Amino acid sequence: MKAVGIILAGGNNEMRMGDLTAYRAAAAMPVGGSYRAIDFPLTSMTTSGIGKIAVITQFNSRSLHDHLVSSKWWDLGRKKGGLFVLSPYTSKDNSSWFRGTADSMYQNISFLKRSNEPYVVIASGDAVYKMNFKEIISWHREKEADITVVYKRMDKDVLSKYGIMQMDGDGRILDFEEKPLDPQSDCASLGIYVIGRELLIDLLEGAIAEGRYDFVRDIIIRLRRRLKIYGYEFGGYWSSVGAGVNEYFRTNMDFLNKEIRDEFTKKEPYIDTKPKDEPPVKYNMNAEVSDCVLGSGTIVNGRIEHSIVFRRVFIGDRAVIKNSILMEGCYIGDDCVIENAILDKNVAVSAGRQVIGTEDEPFVVKKDQVI
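Right, let's walk through the structure included here.

**Considering the overall build of the protein chain**
Stage number 1. When its secondary structure is counted, the protein chain shows 10 helices and 26 strands.
Stage number 2. Over its C-alpha trace the protein chain gives a radius of gyration of 21 Å, about what one expects of a compact globule, namely 21 Å for 371 residues.
Stage number 3. Expressed as lengths along the three principal axes of its C-alpha atoms, the size of the protein chain is roughly 65 × 45 × 40 Å.
Stage number 4. Residues classed as buried in the protein chain amount to 53% of the 371 residues present.
Stage number 5. Pairs at least 24 residues apart make up 58% of the contacts formed inside the protein chain by residues separated by at least 6 positions.
Stage number 6. Accessible area of the protein chain: about 17200 Å², with a carbon and sulfur share of 45%.
Stage number 7. Distance from the positive charge centre (49 side chains) to the negative charge centre (51 side chains) of the protein chain: 6 Å.

This is the structure:
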């Protein structure tokens, strides 16, 4: 049941994520104090025995490339297989960027053709979860499916953001709508698929020849009645960090929930990431910290409550941080108040300043800003 993995990490999320993805791909978004979003699908694949993985990048990919510069952290530094980071290739004959998810795989179809594994696991790079792909591939074989789509039952108020599936009693997909205004089911696609490698090659070549470039719209939805496409229900924790600012904020705050945090940090398989060699958090005399996750190298002089603080952050005297996310390298001066906010990398807040948003709309300060 060997498979290769493809992680789609090239989408432009700037409309949904605003300043947070102005300089980075959604797959490179910091999560939980020490991770990047792409760590979660990468780890799920490697711990499921997938030893050959392609990460397809495009927009704002520099920080993502930097994070993936060494494949050994995910046990992919090997002679056979390994990690392949693929970007749009421009030449005299081809100067176009990827025109969609199907086109991104087609432009790198040589990766599939040079592989020998019978199955392909396709996943997006901007979701947080832990999944056993061995079980999904076994289920895919048992059903003799052409394509298996992983889904999760979700609350009604978020269904319009996802592809919604309707299935028969055996799990075969009867209908699939992309981001419907009036969802007819609570089964939301997670953007994770299992498909035969040779079938994927044939479908990509056929779609591109007809000028069709999107994997969901032009293959899944268009061929849903011709192919045997099944849904596989996932019951664990799953959250998308690229769906919007509020979703990103909520996903990080979920790591303050011990049950969710322990799922990733204390239950095998653990989530792998690129390590940083820095000293532990330093709590000075007047520091007060409650219900927080703090990254290494951080120095705390003030008070922090219910917040996610990444590495190398400085919190000044009498500063108060509440219900906020502070990314790497932030500097918070004396007597500052930060509440319901997301401070991007290397933001500096001068002494006495206040940055206050609301729980429904956290205030975002973009990278490298000085307040």
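Next comes the rest of the account.
**A short note on the state of the cysteines**
Stage number 1. One pass over the structure, following the stated rule, counts 0 disulfides.
Stage number 2. Sulfur of Cys330: no disulfide; nearest cysteine sulfur belongs to Cys336 and is 12 Å away.
Stage number 3. Of the residues examined, Cys330 reaches a relative accessible area of 1% and is grouped as buried.

**Concerning the side chain of Arg197**
Stage number 1. Residue placement: Arg197 occurs in helix H7 (residues 197–209).
Stage number 2. Buried and without a salt bridge, Arg197 has Glu198 as its closest oppositely charged side chain, separated by 4.3 Å.
Stage number 3. A polar side-chain atom of Arg197 sits 3.1 Å from the main-chain carbonyl oxygen of Ser115.
Stage number 4. The residues contacting Arg197, other than those within four sequence positions of it, are Leu112, Lys113, Ser115, Asn116, Glu117, Pro118, Tyr119 and Val120.

**Some thoughts on the packing of aromatic side chains**
Stage number 1. A full pass over the atoms with the stated rule returns 12 aromatic pairs.
Stage number 2. Ring centres 5.8 Å apart and planes at 65° place the aromatic pair Tyr162 and Trp238 in the edge-to-face group. Linking Tyr162 in the loop between strand E8 (147–153) and strand E9 (163–167) with Trp238 in strand E13 (residues 238–240), this pair joins segments that are 76 residues apart in sequence. For the pair Tyr162 and Trp238, one class covers both residues: buried.

**Regarding the side chain of Ser239**
Stage number 1. Along the chain, Ser239 turns up in strand E13.
Stage number 2. Separated by 3.2 Å, the side chains of Ser239 and Arg250 make a polar contact.
Stage number 3. Here Thr251 takes part through its side chain, which lies 2.6 Å from a polar atom of the side chain of Ser239.
Stage number 4. Leave out the neighbours within four places in its chain, and Ser239 touches Asp126, Ala127, Val128, Glu247, Arg250 and Thr251.

**Here's the deal with unusual backbone geometry**
Stage number 1. Cis geometry is found at the peptide bond from Glu268 to Pro269, where omega equals -5°.
Stage number 2. Phi at Lys179 takes a positive value of approximately 50°, unusual for a residue other than glycine.
Stage number 3. Considering the arrangement of structural elements, one finds Lys179 in the loop between strand E10 (173–178) and strand E11 (187–196).
Stage number 4. Judged by relative accessible area, Lys179 falls into the partly exposed class, the value being 45%.
Stage number 5. Look at Asp291: it is not a glycine, yet its phi comes out positive at around 55°.
Stage number 6. Considering the arrangement of structural elements, one finds Asp291 in strand E15 (residues 288–294).

**Concerning the pattern of salt bridges**
Stage number 1. Applying the stated criterion across every chain yields a total of 23 salt bridges.
Stage number 2. The residue Glu247 makes a salt bridge to Lys161 at a minimum N-O spacing of 2.0 Å. Taken together, the residues span a long stretch of sequence, with Glu247 in helix H9 (residues 245–254) and Lys161 in the loop between E8 and E9 at a distance of 86 residues.
Stage number 3. According to the relative accessible area criterion, Glu247 is buried, its value standing at 11%.
Stage number 4. Where Asp218 meets Arg217, a salt bridge forms, and the shortest distance between an N and an O atom there is 3.7 Å.

**Concerning the nonpolar core**
Stage number 1. Among the nonpolar cores identified, the biggest contains 41 residues, and Leu42, Met131, Phe133, Ile192 and Trp238 are the most heavily contacted of them.
Stage number 2. Residue assignment for this core shows that the elements contributing at least two residues are strand E1 (3–9), helix H2 (39–46), strand E4 (52–57), strand E6 (119–124), strand E7 (127–129), helix H6 (133–142), E11 and strand E12 (229–233).
Stage number 3. Setting aside its immediate chain neighbours within four residues, Ile192 contacts Ile122, Ala123, Tyr129, Met131, Phe133, Thr148, Val149, Val150 and Trp238.
Stage number 4. One finds Leu8, Ala102, Ile173 and Ile229 within the second-largest nonpolar core, a separate group that totals 36 residues.

**Quick word on H2**
Stage number 1. Among the 8 residues that make up H2, 8 are buried, leaving the element largely enclosed by the rest of the structure.
Stage number 2. The complete set of buried residues in H2 reads Asp39, Phe40, Pro41, Leu42, Thr43, Ser44, Met45 and Thr46.

**Examining the environment of Phe264**
Stage number 1. For Phe264, the position within the fold is in helix H10 (residues 258–265).
Stage number 2. Separated by 27 residues in sequence, Phe264 and Tyr237 place their C-alpha atoms 9.9 Å apart.
Stage number 3. In this structure, Phe264 is in contact with Tyr35, Phe40, Val128, Tyr129, Lys130, Tyr237, Phe255, Tyr270 and Ile271, ignoring residues within four places of it in sequence.

**A word on the sheet that holds strand E14 (residues 282–283)**
Stage number 1. Sheet architecture is open: 5 strands sit in the order E14-E16-E18-E21-E24, paired in parallel fashion. What marks the edges here is a single partner per strand, and that holds for E14 and strand E24 (348–349).

**With respect to H10**
Stage number 1. Taken together, the buried positions of H10 are occupied by Ile260, Asp262 and Phe264.
Stage number 2. For H10, the secondary structure elements touched by its buried residues are strand E3 (35–36), H2, E7 and H9.
Stage number 3. For H10, the capping residue at the N-terminal end is Asn257, with a side-chain oxygen 2.9 Å from the backbone nitrogen of Glu259.

Conventions adopted
- Note that residues are indexed from 1 along each chain, following the sequence as it is written.
- Side-chain atom pairs in this predicted model are given and counted only at pLDDT of 80 or more, local residue features only at pLDDT of at least 70, and totals for whole chains, interfaces and linings cover all residues.
- Remark: hydrogens and water are excluded; side-chain values derive from all non-hydrogen atoms of the structure.
- A run of H or I in DSSP counts as a helix once it spans at least four residues, and a run of E counts as a strand once it spans at least two, with each numbered from the N terminus.
- The globule rule is 2.2 Å times the number of residues to the power 0.38, and the radius of gyration it is compared with is taken over C-alpha atoms.
- Remark: exposure states derive from per-residue accessible area (1.4 Å probe, protein chains only) relative to the maximum for the residue type, with buried under 20%, exposed over 50%, and partly exposed in between.
- The criterion used for residue contact is that any of the two residues' heavy atoms lie within 4.5 Å.
- Accessible surface is estimated by sampling points in the Shrake-Rupley manner with a 1.4 Å probe; for residues, cover comes only from the protein chains shown.
- Neither His nor the chain termini are counted; the positive set is Lys and Arg, and the negative set is Asp and Glu.
- Here the site of a charge means atom NZ of a Lys, CZ of an Arg, CG of an Asp or CD of a Glu.
- The disulfide criterion is simple: two cysteine sulfur atoms within 2.5 Å.
- Salt bridges, as used here, are contacts in which a Lys or Arg side-chain nitrogen is within 4 Å of a carboxyl oxygen on Asp or Glu.
- Throughout this description, a polar contact denotes any pair of N or O atoms lying within 3.5 Å of each other; where both atoms belong to protein, one of them has to be capable of donating a hydrogen while the other can accept it, and for residues adjacent in sequence the pair is counted only when both atoms sit in side chains.
- A pair of Phe, Tyr and Trp rings is counted when the ring centres sit within 6.5 Å of each other, with Trp represented by its six-membered ring. The angle between the planes then sorts it: under 30 degrees is stacked, over 60 is edge-to-face, the rest tilted.
- Put simply, buried Ala, Val, Leu, Ile, Met, Phe, Trp, Tyr and Cys residues joined by side-chain atoms within 4.5 Å make one nonpolar core.
- In short, DSSP must find at least two bridges between two strands for them to pair.

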